[in-house]
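Each chain, written out:
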Amino acid sequence: MVVADFFPLVLAVLILLSSFISVKLSFSVSVIEIVLGIIAGNLGLLQPESWMVYIAGIGGMLLTFLAGTEIDFDIVRRNIKTCLGIGIGSFLISFIFVFLFAYYSFRWGFVASLLTATALSETSIAIVYSVILDHGLSGKNMGTILMGSTFIINVCTALTLSVLFMKQDIYTLIFIIASVVILAFAYKFSDVLFESKTFSMQRNEIEIKYVILLIILLMFFATLGGGQALLPVFLLGALLSKPFSENNKNNMIERLQIVVFSVITPIFFIIGGTKVSIPIILSAFSLFIALFAVRQVAKFIGAYPVIRRALSRNQIYITLILSTGLTFGLVAALYGETNNLITTTEYSIITGVLILSAIIPTIIGDRFYAPSEEDLYDDEKELISENEG
């Protein structure tokens, strides 16, 4: 017999424990959270309840929104060819390689192979965003190219997921129209709220509540249309990045980060981890490792040539970080499992590959190729020179 509040208690313990481990190991807390979720789920210590699943969905969207706020359109515009080249190459090459491998080597079904290719072709917003924060890359050329390329990759992922798998009916049209209206409203009128002396009250956190309302609205219409709100939520963050930065006197982004990273996104990663079956991965371990290797090689082939031509330093580091997977891939895999597009076995292998791709490249990049203080200083000088030019 399980006490009624046992699973919420375990969840709370895992959230705190993951932070301690992350600080101790100097490693991304999101990866620690999903690993602890896998362990707890396989030991039977945590079984997701309906409210946990819903909060996890909101957590993924809030993380996507915050990543969008890191987009500096002025810098992206100056590097648009680089971001497009990296993003399209990284997505397309990995999509083709993974699909062919899953379909012809694994003998998975056509639809399952397409879903697998879609999920494993993304780049982790969680890892890229954490790297930008941890290494002080926010507002710098390197950070914006990283986030801009990630944006292009995940736009490709979201569009592919929508075109190939989202049902096409009147509700899909309603979702598209509602997304356009909400984004247009946010872009046109958010300044009124952020700049208002009447409504901009830090104690009441009105701006944060406003953002959460917009995100939940997008999630509602996405569910109605049988799709995902990832792309419009990311665009919402990008559209609000300028008013957020211009009104940073109230520390809106920092306050929202505290709310999101304290409880909500940890639930997203931990609950995602509970759905991974370790016995299933071990039973198909050779296939699991082969799929991971194919994905990573394809990511490198798709991104590195463009990065090498476009940047004078830190090419390997940026390639490694862009080869990480987790957030959009996890959402795509969950979508596939929920809608019976993939089996439990396929879901576990896909998610296991995503987790490994979040861990291995990040460890190698941080240990051997992380940008130095001199690199960041030179990057800042280049950005100042470009602005003055």
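Residues numbered from 1 in each chain as written. Predicted model: local features only at pLDDT ≥ 70, side-chain atom pairs only at ≥ 80, totals over all residues. Heavy atoms only, no water.

### Focus on the overall build of the protein
Along the protein, the regular secondary structure elements total 18 helices and zero strands. Looking at the 389 residues of the protein, the share that counts as buried comes to 55%. Across the protein, the fraction of contacts at a sequence separation of at least 24, relative to all contacts at a separation of at least 6, is 82%. Surface exposure of the protein reaches about 17,200 Å², of which carbon and sulfur atoms provide 66%. (Helix = DSSP H or I, 4+ residues; strand = E, 2+ residues; numbered from the N terminus. Buried < 20%, exposed > 50% of the residue type's maximum accessible area, 1.4 Å probe, protein only. Contact = heavy atoms within 4.5 Å. Areas by Shrake-Rupley, 256 points an atom, 1.4 Å probe, with all protein chains shown as cover.)

### Thoughts on the side chain of serine 121
Within the element layout of this structure, serine 121 appears in the loop between helix H6 (110–120) and helix H7 (125–134). A relative accessible area of 0% means that serine 121 is categorised as buried. Reaching out from serine 121, the side chain makes a polar contact with the side chain of serine 94 at a distance of 3.3 Å. (Polar contact = N/O pair within 3.5 Å; in protein donor to acceptor, adjacent residues only side chain to side chain.)

### Thoughts on the environment of aspartate 366
In this fold, aspartate 366 is placed in helix H17 (residues 344–369). Looking at aspartate 366, the relative accessible area reads 25%, which means it is partly exposed. Each C-alpha atom of the pair aspartate 366 and leucine 320 lies 9.6 Å from the other, and the pair is 46 residues apart in sequence. When near neighbours in sequence (up to four residues on either side) are disregarded, aspartate 366 contacts His135 and Tyr317. Polar side-chain contacts of aspartate 366 include one of 3.4 Å to the side chain of tyrosine 317.

### Focus: the nonpolar core
Of all hydrophobic cores here, the largest spans 118 residues; its most connected members are Leu46, Phe65, Met147, Ile215 and Leu236. Ranked by residues supplied to this core, first place goes to helix H8 (residues 141–165) with 12 residues. (Core = buried A, V, L, I, M, F, W, Y, C linked by side-chain atoms within 4.5 Å.)

### Quick notes on the side chain of serine 357
Among the secondary structure elements, serine 357 is positioned in helix H17. Since its relative accessible area comes to 0%, serine 357 is described here as buried. A polar side-chain atom of serine 357 sits 2.7 Å from the main-chain carbonyl oxygen of leucine 354.

### Some thoughts on the confidence of the model for the protein
Of the residues in the protein, 88% have a pLDDT of 70 or more, and the chain-wide mean is 83. Within the model, the stretch residues 380–389 combines pLDDT values under 50 with 11 contacts to residues more than four positions away or in other chains. (pLDDT = per-residue confidence, 0-100.)

### Here we look at the packing of aromatic side chains
In total, this model carries 14 aromatic pairs according to the counting rule given. With centroids separated by 4.9 Å and ring planes inclined at 65°, the aromatic side chains of phenylalanine 106 and tryptophan 108 adopt a geometry described as edge-to-face. In this pair, the class of phenylalanine 106 matches that of tryptophan 108, namely buried. Every member of this aromatic cluster is reached through a ring pair, and the members are Phe99, Tyr103, Tyr104 and Phe110. (Phe/Tyr/Trp six-rings, centres within 6.5 Å; stacked < 30°, edge-to-face > 60°.)

### Notes on H7
With eight of 10 residues buried, H7 is to be regarded as a mostly interior element. Within H7 the residues assigned to the buried category are Ile125, Ala126, Ile127, Val128, Tyr129, Ser130, Val131 and Ile132. Just downstream of H7, glycine 136 is the residue with a positive phi angle, here 65°.

### So, H6
Of all 11 residues in H6, nine are buried, a share of seventy percent or more. Considered for burial, the residues of H6 that qualify are Ala112, Ser113, Leu114, Leu115, Thr116, Ala117, Thr118, Ala119 and Leu120. On its buried face, H6 is in contact with helix H5 (80–105), H8, helix H14 (285–310), helix H16 (327–338) and H17.

### A short note on unusual backbone geometry
The residue arginine 107 is not glycine, and still its phi comes out positive at about 65°. Structurally, arginine 107 is set in the loop between H5 and H6. According to the relative accessible area criterion, arginine 107 is exposed, its value standing at 67%. Phi is positive for asparagine 314, close to 60°, though the residue is something other than glycine. Relative to the helices and strands, asparagine 314 resides in the loop between H14 and helix H15 (315–322). A residue is classified by how much of its surface remains accessible, and asparagine 314, at 12% relative accessible area, is buried.

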